[in-house]
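Coordinate analysis (summary)
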Amino acid sequence: MTGPESSGPGMPDPAGPTPDAGATTGHPLSGPETSAQGAGAAIPGLAPPATAPDRMAAASGGTTGTSPDVPGAPEDPRLVAELLDARRTVTALQLQLQQLRTEHARQLSVLAAQHAASLTRIEQQLRAQHDDIVRRAGADAARSVAAGEALRSRLAAADREVVALRHQLGTLEGSSVWRASWPLRRSLDRMPAARRRVRRLMKGGWWLLSGQLSDRVRARRDAGAGGRVASPDGLPDADRSAPAASHESATPDAEAGGPRVEPPARDDGRLPETSPAAAAPAAPVAAAVPVLPTSGTPVVSVIVPSFGQVPVTLRCLRALAASDTRVPFEVIVAEDASGDPEVERLRDVPGLRLVRNERNLGFLHNCNEAALLARGRFLLFLNNDTEPMPGSIDALHSLLAGRPDAGLVGAKLVFPDGRLQEAGGIIWRDGTGWNFGRDDDPDRSQYSYVREVDYLSGAAIMLSRELFERLGGFDPAFAPAYYEDADLAFRVRALGLKVLLQPAARVIHHEGMSHGTDPAAGVKRHQELNRQTMLARWPLALSSGHFPPLIATPVPASLSRDMWSQEVLGHGFSGPGSLRAPDRGVGRRTILLVDHYVPEPDRDAGSRSVMAIVDALLEQNWIVKFWPQNRHPSPYGTFLEARGVEVMDWRNGQSFPGWIARHGADLDRVLLIRPEVAADFVGPLCRHSAAPICFYGVDIHHRRMERQAALDGDAALLAAAAAMRVLEHRLWRLCDVLIYPSEEEAALVREAVPGARAHAIVPFRVDGARVRSVPPDRPTVLFVAGFAHPPNIDAARWLVHDILPLLRAGIPEVRLVLAGSHPSPAVLALASDVVSVTGSLDEEALGAAYAEASVAVVPLRAGAGVKGKVVEALAHGLPLVTTPIGAEGIPGLDAVVPVEREAGAIAGALLRLLRDPDAWRRQSEAQARFAAERFSPDAVSRSVAAALAR
């Protein structure tokens, strides 16, 4: 099918030259080093919360006010005192830095010695392996040499044969007979039936001259009813041009001009036995004919409209046969009375339902008539010049069936050479259309996430049969073709449903084979006519819900219009609409999230908290862009993209300074996550975007580090905590909105920086809390955590060494499970007959671990913020015991679960739950109620909306 294609005028690059994408850019947190001679430098952290002009001044290294070291300037005692305090702080930090460097050098020397010993052992092992490989490779090489010589001989003989054949071909093409027969060959090309007859006559003459005729006749007679003799091109040789009357008589005539349905062929190539034509001789299907694995009870009906072009249609059917589709489907080819005798070949395709119209209906009516014959719940309209890639039908069906708000879904279309043809379409206010991303790399991030679009090219679209019938099919006002798919998308939206791109469905589209490419000839000329129809039908929707054309001036002569549209939207255009137009962004807000990597919600609590924020933003209809600091590809990125988030990893192809310089004006909010990440990104943001900068700390890092340092007696960690404190305080002053997972932390921020806009959010989302009724028979204690995190490592060791012995003294058969990602060597060393260390678990395995456990424990002695592992245990209804650190940031938790500080008290609380089923059941019910009330999706959404409001 066809929709509005790129046909509008162009515009020059409005942004002008942009900063070098790879240029080094600083930020307000990395200005010139303070020294005794540098008293005039700005002192970050001493000013009230920065306004936008203050952020710009900080980003450019500028200062405000008068320096007391400037000659002739009036001295300000307060400023002098603050400056002296700052100098003392710098001196102390320099001493600490020197100590850290000394300790670092010592540790490096120890590590170097260890590494040298390890390398020596590895070298010896590798040398032994190398010698063994060399010995085996010698024997293999001797055999390979012999095989290579034989292969070279065969290739030389083949080359000689090719040279001889080329010489014969050149002689033939240079002959006067070949040149004189050109008009005849030209005429035969235009008359397929005559060409086949001439070929048979020539073949029969050759058989007669070569003495093969009697053998050929005998072979055909012996075959009898078994089938036909295949010709060298792999297609049945006999009766190729026979009229369709014999098979067509097997089905009743439709109304005048309507379709005539032919039953699908059996796997052996014959018609069903109930057909009168079954008695006629049937031919075995040649190897080139696809076998469609269709179903008698299909869920999806694939409708392929066609008008002749049988080789093109067969190519599409071969792709369907190889599509590795799991959902049951059927295939209907709707042949629109082309008169091409080659259509008879489609009869031999097993599993195909062939529909042949009595008269030509036109593309649009042909699709509508074929849809009436469909048996599936969903309809997939597929151009005959397409090739769906494996998994595409399943991906479309999964999205459409899995989202109640989805009305129409479509595939990403690519050219045969791999270039992108379209990742959803854009309709501008004047009714012109763009194929978004045309000629670009289809794997770039902006084309790889599920998103709402203006329309989808009808070459590969799916919707429910019930909705298609409710809408009355494609509107005949757009017959014979063009804009019928865009109008369908508008009518789907008018019912409150969404039109979605499914990038996981990839379909090769041989564009132009259906209707050509000349806008002034044939069906193509209806493109402009139907644009005017579209404008007349949808004036309000176009004026209020669509952007004006971004290209308003002529396209540069050096670029095609499609390449220019790619440059504008894909790379070079900056300003309002550049990010929003592909996402139907009129009236929607855009937010950029930046974190150190793509969230891994089954591995760490911080990622689960970030995912809760992302889900809340999507529910509030934000356009969400995610920039991972490490830019690494991640399997979790696919999870985000399926939810509708663009993950701008390495596939984006731009550096952050270059990207934000182009698109900063199109952002409504920026959310920086974690202080180390924010420090690297706040500078470019201050320079290139006026969007409010929000900072989500996950927890107060320096507070957590100070607690761990005090617990371990670690002076180096204490110094690092002091440096983190300075960084966090600077961010608190620089960012517009500060977000933390608990009101306790937000209050500490407001106390440290008076006037700071610090908010608490509900950091974790519980979609459905579970109530447990019966404890498992085997007493098992579960501790879930990410075991690369120092507070969790300490908790695991304390649990095994101090708490578990007390538990086993009361219940000898008790077992302990340490479940979680990235277990450190110290945690792995805790494994024993009674202690299991599982490593990373997916969601299903983690759910099984909770189901098999009797109680959960979170024995944290350090850390900060709201603990995801605590909320998770509450949601699973597994009775929990924790510490004051574990309960931090969750008001009222101590009324629901035991909160103990000492090892003996924790062991006692666990033993009581293990021994008392009634107490166990009551606590499970109380935990589930508490989780459902405090961490509901609605509570998360409200808190995030309040924090981001300005």
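All of these numbers come straight from a predicted model, not from anything done at the bench.

1. With respect to the overall build of the protein
Across its full length, the protein carries 29 helices and 25 strands. The 950 residues of the protein split such that 48% are buried. For the protein, the share of sequence-separated contacts (at least 6 apart) that also reach a separation of at least 24 residues comes to 74%. A total accessible area of about 43,000 Å² is found for the protein, and carbon and sulfur atoms account for 57% of it.

2. A few points about the packing of helix α16 (residues 605-619) against helix α17 (residues 635-643)
Between α16 and α17, the least distance of the axes is 11 Å, while the angle of their chain directions is 20°. Considered as vectors, α16 and α17 are oriented roughly parallel to each other. Handedness of the α16/α17 crossing: right-handed. Here Met611, Val614, Asp615 and Leu618 of α16 lie close against α17, whose contacting residues are Phe639, Leu640 and Arg643. Across the contact of α16 with α17, the residue classes tally to five nonpolar, no polar and two charged.

3. Examining the pattern of salt bridges
Scanning all chains against the criterion turns up 38 salt bridges. We note a salt bridge from glutamate 452 to arginine 584, for which the minimum N-O separation is 3.9 Å. Linking glutamate 452 in strand β11 (residues 451-452) with arginine 584 in the loop between α15 (561-572) and β14 (590-595), this pair joins segments that are 132 residues apart in sequence. Between arginine 651 and aspartate 649 there is a salt bridge; the shortest N-O distance is 2.8 Å. Under the relative-accessibility criterion, arginine 651 is labelled buried at 18%.

4. Some remarks on the sheet that holds strand β15 (residues 623-628)
An order of β16-β15-β14-β17-β18-β19-β20 is seen for the seven strands of this open sheet, with the pairing classed as parallel. Pairing within the sheet leaves two strands with one partner each, and these edge strands are β16 (646-647) and β20 (758-760). Where α16 meets the sheet, it contacts β14, β15, β17 (669-673) and β18 (693-696), and its direction lies at approximately 170° from that of β14. Along the sheet face, helix α21 (residues 715-734) touches β18 and β19 (737-740) and points at about 130° away from the line of β19.

5. Observations regarding the sheet that holds strand β23 (residues 835-839)
Taken together, five strands build an open sheet; the order of strands is β23-β22-β21-β24-β25 and the sheet is parallel. Here the strands that pair on one side only, and so sit at the sheet edges, are β23 and β25 (880-882). Averaged over all pairs of adjacent strands, the angle between their axes in this sheet comes to 25°, without regard to strand direction. The sheet strands contacting helix α26 (residues 868-875) are β21 (780-784), β24 (855-858) and β25, and the helix crosses β25 at an angle near 160°.

6. Quick notes on helix α10 (residues 392-402)
For α10, a buried count of eight out of eleven residues is recorded, marking the element as mostly surrounded by other parts of the structure. Buried residues of α10: Ser392, Ile393, Asp394, Ala395, Leu396, His397, Leu399 and Leu400, and no others.

7. As for the nonpolar core
Leu593, Leu617, Leu671, Ile739, Phe783, Leu807 and Leu818 are the most contacted members of the largest nonpolar core, which totals 94 residues. Of all the elements, helix α23 (residues 790-810) adds the most residues to this core, at nine residues. Among residues more than four places away in sequence, those in contact with phenylalanine 783 are Asn792, Ala795, Ala796, Leu799, Val817, Leu818, Ala819, Val857, Val858, Pro859 and Lys869. One finds Ala334, Val499, Leu542 and Leu550 within the second-largest nonpolar core, a separate group that totals 49 residues.

8. Overview of the packing of aromatic side chains
On inspection of all chains with the given rule, the structure shows 13 aromatic pairs. Ring centres of tryptophan 428 and tryptophan 434 lie 5.1 Å apart, and the angle between their planes is 85°; this geometry places the pair in the edge-to-face category. You can call tryptophan 434 buried: its relative accessible area is 1%. Cluster of aromatic residues (ring-pair linked, three or more members): Trp627, Phe656, Trp659 and Phe681. Positioned above the aromatic ring of phenylalanine 415 is the side chain of arginine 419, whose terminal nitrogen or guanidinium carbon lies 4.3 Å from the ring centre.

9. Describing the confidence of the model for the protein
Across the protein, the average pLDDT comes to 80, with 71% of residues at 70 or higher. No element of the protein has a lower mean pLDDT than helix α7 (residues 245-248), which averages 32, and none a higher one than strand β5 (residues 378-382), which averages 98. Predicted confidence is poor over residues 30-53, with pLDDT under 50, and the contacts of this stretch with residues over four places away or in other chains come to 33 contacts. Note that pLDDT drops below 50 for residues 223-260; the model gives that stretch 84 contacts with residues more than four away or on any other chain.

10. Comments concerning the pairing of β21
A large share of β21 lies buried, amounting to five of its five residues. As defined by bridge partners, β21 adjoins strand β22 (residues 815-819) across five bridges and the pair is classed as parallel. Within β22, the position partnered with leucine 782 by the bridge is valine 817. Note on the crossover from β21 through α23 to β22: the handedness is right-handed. Both β21 and β24 contribute to a ladder of two bridges, which runs parallel. In the strand pairing of β24, valine 781 is matched with valine 855.

11. As for the packing of helix α20 (residues 701-712) against α21
Orientation of α20 relative to α21, taken along the N-to-C sense of each, is 165°, at an axis distance of 8 Å. Viewed along their axes, α20 and α21 adopt a mutual orientation that is roughly antiparallel. Considering the relative orientation of α20 and α21, their crossing is left-handed. Here His701, His702, Met705, Glu706, Gln708 and Ala709 of α20 lie close against α21, whose contacting residues are Leu717, Leu718, Ala720, Ala721, Met724, Arg725, Glu728, His729 and Trp732. Its residues assigned to classes, the contact of α20 with α21 comprises eight nonpolar, four polar and three charged.

12. Some thoughts on unusual backbone geometry
Even without being glycine, alanine 337 reaches a positive phi, approximately 50°. For alanine 337, the position within the fold is in the loop between β3 (329-335) and β4 (352-357). Residue class for alanine 337 comes out partly exposed when judged on its relative accessible area of 27%. Phi at tyrosine 483 takes a positive value of approximately 70°, unusual for a residue other than glycine. Of note, tyrosine 483 is situated in the loop between α11 (465-471) and α12 (484-494).

Here is what the cut-offs are and how they apply
Residues numbered from 1 in each chain as written. Predicted model: local features only at pLDDT ≥ 70, side-chain atom pairs only at ≥ 80, totals over all residues. Heavy atoms only, no water. Helix = DSSP H or I, 4+ residues; strand = E, 2+ residues; numbered from the N terminus. Buried < 20%, exposed > 50% of the residue type's maximum accessible area, 1.4 Å probe, protein only. Contact = heavy atoms within 4.5 Å. Areas by Shrake-Rupley, 256 points an atom, 1.4 Å probe, with all protein chains shown as cover. Axes fitted to C-alpha atoms, helices over the stretch in contact; angles between N-to-C directions. Parallel < 35°, antiparallel > 145°, perpendicular 65-115°, else oblique. Left-handed = near helix turned anticlockwise from the far one by under 90°. Nonpolar A, V, L, I, M, F, W, Y, C, P; charged D, E, K, R; others polar. Salt bridge = Lys/Arg side-chain N within 4 Å of Asp/Glu carboxyl O. Pairing = 2+ DSSP bridges. Core = buried A, V, L, I, M, F, W, Y, C linked by side-chain atoms within 4.5 Å. Phe/Tyr/Trp six-rings, centres within 6.5 Å; stacked < 30°, edge-to-face > 60°. Lys NZ or Arg CZ within 6 Å of the ring centre and 35° of its normal. pLDDT = per-residue confidence, 0-100. Right-handed = clockwise from strand over helix to strand, strands pointing away.

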